[in-house]
Amino acid sequence: MSLPPILQGLRIPAIAAPLFLVSVPKLVIAQCKAGIVGSFPALNAREAEGEPPMLEAWLQEINEELDRHNQANPDSPAAPFAVNQIVHRSNTRLDRDMEICARWKVPIWITSLGARPEVNDAAHSCGGIALHDIINNTYAHKAIAKGADGLIAVCAGAGGHAGPQSPFALITEIREWFDGPLLLSGSIATGRALLAARVLGADLGYIGSPFIATEEANADRDYKQMLVDSSAEDIMTSTLFTGISGNYLKPSISRAGLDPNALPEADPDSMNFKDGSAKPKAWKEIWGSGQGIGAVREITTAGAIVDRLEREYDAARAEMATGP
């Protein structure tokens, strides 16, 4: 499919998903230098009351470091970066964070938990594009109608707030009417899975969980090791921790003193981002993950993960070209 210039020329067709609490400038910079779009949630940048906005400092750090890299490596410039805005009504920082991102001319805006025209307008005002994550075709139509430039189909098997639908169903339905930028999220942890996403009709893969187990990620060492030690059968879905269905590591639930087999449901109205966090224990103690973690076999660097993905992607393409 035809992609806007900002999404062209990536080393592999992939965007690193914004990981709540985990994605910080160090990780974003490493991802961009490795040749894929790095991203972080705006709410990850927190400051004490009365202090200058941390988001501003993060954007300055990322821009300056990527500019230094590009000047030193004109033949292999870094990929662009993205900032994720939580559009849920309880995010009282949204207007402030939109203004900061527009002023810093953030090139890619990722919106979640609601589609709002004013956020898309803010992205366009500074020359950026807006990608909205959705879990079904109805939400996809609404996002485009409200001005989003592209879609992120969050399908079964994705980490965090995953959707319930198979990518075979959702991507097919969206491609019946939408020919713009389309990303696929859900268990994309290998180059072969990335190629499968392209064959299915997605332009880019949206990769999250593997980057938690990296040296640059802002995650507890035990969290990283748990990803290495776990597989798809260690992932469970629950609404308890944020009010919205999400995928989490069973061992982290047990570690927090809860029984993964006897969790109650939660009221969707319990979601709260007013202090920049989800319900207590979510993400900090109850660790999110997608089902693709069987491919995560060691704690390594973001660059090493992109290297592996590229090798696997190229090998899978070659295999398809010479296959029956």
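Residues numbered from 1 in each chain as written. Predicted model: local features only at pLDDT ≥ 70, side-chain atom pairs only at ≥ 80, totals over all residues. Heavy atoms only, no water.

### Quick notes on the overall build of the protein
In terms of helices and strands, the protein carries 10 helices and 10 strands. At 19 Å, the protein has a C-alpha radius of gyration in line with the 20 Å of a compact globule built from 324 residues. Seen through its C-alpha atoms, the protein measures out along the principal axes to roughly 50 × 50 × 40 Å. In the protein, which comprises 324 residues, the proportion classed as buried is 56%. Once local pairs closer than 6 in sequence are excluded, the contacts in the protein between residues at least 24 apart make up 64%. Within the protein, one finds 28 positive and 39 negative side-chain charges whose respective centroids are separated by 1 Å. (Helix = DSSP H or I, 4+ residues; strand = E, 2+ residues; numbered from the N terminus. Rg over C-alpha atoms; globule rule 2.2 N^0.38 Å. Buried < 20%, exposed > 50% of the residue type's maximum accessible area, 1.4 Å probe, protein only. Contact = heavy atoms within 4.5 Å. Lys, Arg positive; Asp, Glu negative; His and termini not counted. Charge placed at Lys NZ, Arg CZ, Asp CG, Glu CD.)

### Quick word on the environment of leucine 227
Inspection of the secondary structure assignment puts leucine 227 in helix 8 (residues 221-229). Judged by relative accessible area, leucine 227 falls into the buried class, the value being 0%. The spatial distance from the C-alpha of leucine 227 to the C-alpha of aspartate 133 is 24 Å, given a sequence separation of 94 residues.

### Focus: the environment of valine 296
Checked against the element boundaries, valine 296 lands in the loop between helix 9 (250-255) and helix 10 (302-322). Of the residues examined, valine 296 reaches a relative accessible area of 5% and is grouped as buried. Measuring from C-alpha to C-alpha, the distance between valine 296 and glutamine 225 comes to 9.7 Å, with 71 residues separating the pair along the chain. Beyond its immediate chain neighbours, meaning those up to four positions away, valine 296 contacts Pro210, Ala213, Leu227 and Val228.

### Thoughts on the packing of helix 1 (residues 25-34) against helix 2 (residues 54-72)
Viewed as axis vectors pointing N to C, helix 1 and helix 2 meet at an angle of 30°, and their least axial separation amounts to 10 Å. Comparing their axes, helix 2 and helix 1 come out roughly parallel. For helix 1 against helix 2, the interelement crossing comes out right-handed. Seen from helix 1, the contacting residues are Pro25, Val28, Ile29, Cys32 and Lys33; seen from helix 2, they are Trp58, Glu61, Ile62, Glu65, Leu66 and His69. Its residues placed into classes, the contact of helix 1 with helix 2 shows seven nonpolar, one polar and three charged. (Axes fitted to C-alpha atoms, helices over the stretch in contact; angles between N-to-C directions. Parallel < 35°, antiparallel > 145°, perpendicular 65-115°, else oblique. Left-handed = near helix turned anticlockwise from the far one by under 90°. Nonpolar A, V, L, I, M, F, W, Y, C, P; charged D, E, K, R; others polar.)

### Focus: unusual backbone geometry
The backbone of leucine 21 shows a phi angle near 70°, a positive value even though the residue is not glycine. Its place among the elements puts leucine 21 in the loop between strand 1 (14-16) and helix 1. Note on leucine 21: relative accessible area 18%, which makes it buried. In the Ramachandran plot, serine 187 falls in the positive-phi region, its phi being about 65° despite a non-glycine side chain. Inspection of the secondary structure puts serine 187 in the loop between strand 7 (182-185) and helix 7 (191-200). For serine 187, a relative accessible area of 31% corresponds to the partly exposed category.

### Points about the confidence of the model for the protein
Per-residue pLDDT for the protein has a mean of 93; in total, 94% of the residues score no lower than 70. The low-confidence segment residues 273-280 (pLDDT under 50) makes 23 contacts with residues lying over four places distant or belonging to another chain. (pLDDT = per-residue confidence, 0-100.)

### A closer look at the side chain of serine 238
Summarising the element assignment, serine 238 is placed in strand 9 (residues 235-238). For serine 238, a relative accessible area of 4% gives the class buried. A distance of 3.0 Å separates the side chain of serine 238 from the backbone nitrogen of leucine 240, its partner in a polar contact. (Polar contact = N/O pair within 3.5 Å; in protein donor to acceptor, adjacent residues only side chain to side chain.)

### Brief notes about the nonpolar core
The biggest cluster of nonpolar side chains holds 50 residues, and the ones touching the most others in it are Ala153, Ile174 and Phe211. It is helix 10 that contributes the most residues to this core, six residues altogether. Filtering out sequence-adjacent residues up to four positions away, phenylalanine 211 remains in contact with Ala16, Leu19, Leu27, Gln31, Ile36, Ala217, Ala302, Ile305 and Val306. Membership of the second largest hydrophobic core comes to 28 residues, among which are Phe40, Ala45, Leu55 and Ile100. (Core = buried A, V, L, I, M, F, W, Y, C linked by side-chain atoms within 4.5 Å.)

### Here's the deal with the pairing of strand 3 (residues 81-86)
Counting buried residues along strand 3, six of its six residues qualify, which places the element largely inside the surrounding structure. Burial along strand 3 is two-sided: Phe81, Val83 and Gln85 facing one way and Ala82, Asn84 and Ile86 facing the other are all buried. Bridging between strand 2 (residues 38-41) and strand 3 involves four bridges; their strand directions are parallel. The residue of strand 3 that forms the bridge with glycine 38 is phenylalanine 81. (Pairing = 2+ DSSP bridges.)

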